[in-house]
Each structure stands twice: as C-alpha cells, then as structure tokens.
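A structural walkthrough
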Amino acid sequence: MAFVTGDIVPSDDAEFPFKVVFMKGDEVVSEWFVATREDGEAQVLECLERLAEEDEEDEEDEAGEDGDEEYDEEDEEAEMEQAS
C-alpha cells in the first residue's frame, strides 16, 4: 500500500496564503490553494472521511457480489435436483 501524506503549507498567493498538498514520497499527488490553515485541515479530514466511506462501500459491494454468486450457485443446484 502506498504511503501518502497530506500537509497544509504556506503559499506565495496573497488571496490564498496556504495550500493543501498530498504527497507520495517526493511526488506531489494533488494540491490546491486554501484561504486558511484551518480550512485546509478541514478539507484534508473531509477527503479522508470520503475515502473511508468509499472503501466501506467497495467492501460492501464485494461482499454483496460474493453473496450473489453463492446464491446463484445454490439456485443452480436446486434446479438440477428438481430436474432429476
């Protein structure tokens, strides 16, 4: 799994004096300007919460798919028994 950091750093922009920076090692993955450090921190937390929610949804989808496959196999077995 990749190790990614999220920081709020000063910028040279007068209107947006900070920016959110996500990095993987030395590579900038994503960055955007924010008006305050607090706003940047809130946005980082929001991103992490959304990622966690998406991860949970993906896990639920995978579990549902597995369940459907098992259900389909049971249906096929029952149909074969009825046909015999």
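So, here is what we can say about the structure in this document. (Residues numbered from 1 in each chain as written. Predicted model: local features only at pLDDT ≥ 70, side-chain atom pairs only at ≥ 80, totals over all residues. Heavy atoms only, no water.)

**Digging into the overall build of the protein chain**
On a plain count of helices and strands, the protein chain comes out with one helix and three strands. If you list the helices and strands of the protein chain from N to C, you get β-β-β-α. Every one of the 84 residues in the protein chain was classed for burial, and the buried ones make up 11%. About 7000 Å² of surface is accessible on the protein chain, with carbon and sulfur atoms providing 48% of the total. (Helix = DSSP H or I, 4+ residues; strand = E, 2+ residues; numbered from the N terminus. Buried < 20%, exposed > 50% of the residue type's maximum accessible area, 1.4 Å probe, protein only. Areas by Shrake-Rupley, 256 points an atom, 1.4 Å probe, with all protein chains shown as cover.)

**Observations concerning the sheet that holds strand β2 (residues 18-24)**
The three strands are arranged β1-β2-β3 in an open sheet whose pairing can be described as antiparallel. Both outer strands of the open sheet, β1 (4-10) and β3 (27-34), are each paired with one neighbouring strand and no more. Sheet twist, expressed as the average angle between the axes of neighbouring strands with direction ignored, equals 20°. Pairing geometry for β2 and β3, over seven bridges, is antiparallel. Across the sheet, residue Phe22 finds its bridge partner in β3, namely Ser30. (Pairing = 2+ DSSP bridges. Axes fitted to C-alpha atoms, helices over the stretch in contact; angles between N-to-C directions.)

**Considerations on the pairing of β2**
Bridge analysis of β1 against β2 gives seven bridges, and the strand direction is antiparallel. Opposite Pro10, over in β2, you have Phe18 as the bridge partner. Where β2 folds back on β3, the antiparallel hairpin that results is connected by two residues, among which Gly25 adopts a positive phi of roughly 65°.

**Focus: a negative patch on the surface**
Taken together, the side chains of Glu49, Glu53, Glu54, Asp55, Glu56, Glu57, Asp58, Glu59, Glu60, Asp61 and Glu62 present a region of like negative charge at the surface. When you line up the elements, Glu54 lands in helix α1 (residues 37-83). A relative accessible area of 43% means that Glu54 is categorised as partly exposed. (Patch = residues over 30% accessible without salt bridge, like charges linked within 9 Å, V, L, I, M, F, W, Y side chains within 5 Å. Salt bridge = Lys/Arg side-chain N within 4 Å of Asp/Glu carboxyl O. Lys, Arg positive; Asp, Glu negative; His and termini not counted. Charge placed at Lys NZ, Arg CZ, Asp CG, Glu CD.)

**Remarks on the environment of Cys47**
One can find Cys47 in helix α1. In this structure the C-alpha to C-alpha distance between Cys47 and Gly6, which are 41 residues apart in sequence, comes to 10.0 Å. Not counting the four nearest positions on each side in its chain, Cys47 is found in contact with Phe22 and Trp32. (Contact = heavy atoms within 4.5 Å.)

**Topic: the pattern of salt bridges**
By the definition in use, this model includes two salt bridges. For Lys19, the salt bridge goes to Glu31, with nearest N and O atoms at 3.2 Å. Taken as a pair, Lys19 in strand β2 and Glu31 in strand β3 lie far apart in primary sequence, 12 residues in all. Here Lys19 falls in the partly exposed class, since its relative accessible area comes to 22%. For Glu31, a relative accessible area of 44% corresponds to the partly exposed category. The closest approach of N and O atoms between Glu46 and Arg50, which form a salt bridge, is 3.2 Å. Note that Glu46 and Arg50 are positioned in helix α1 at a spacing of four residues, about one turn of the helix.

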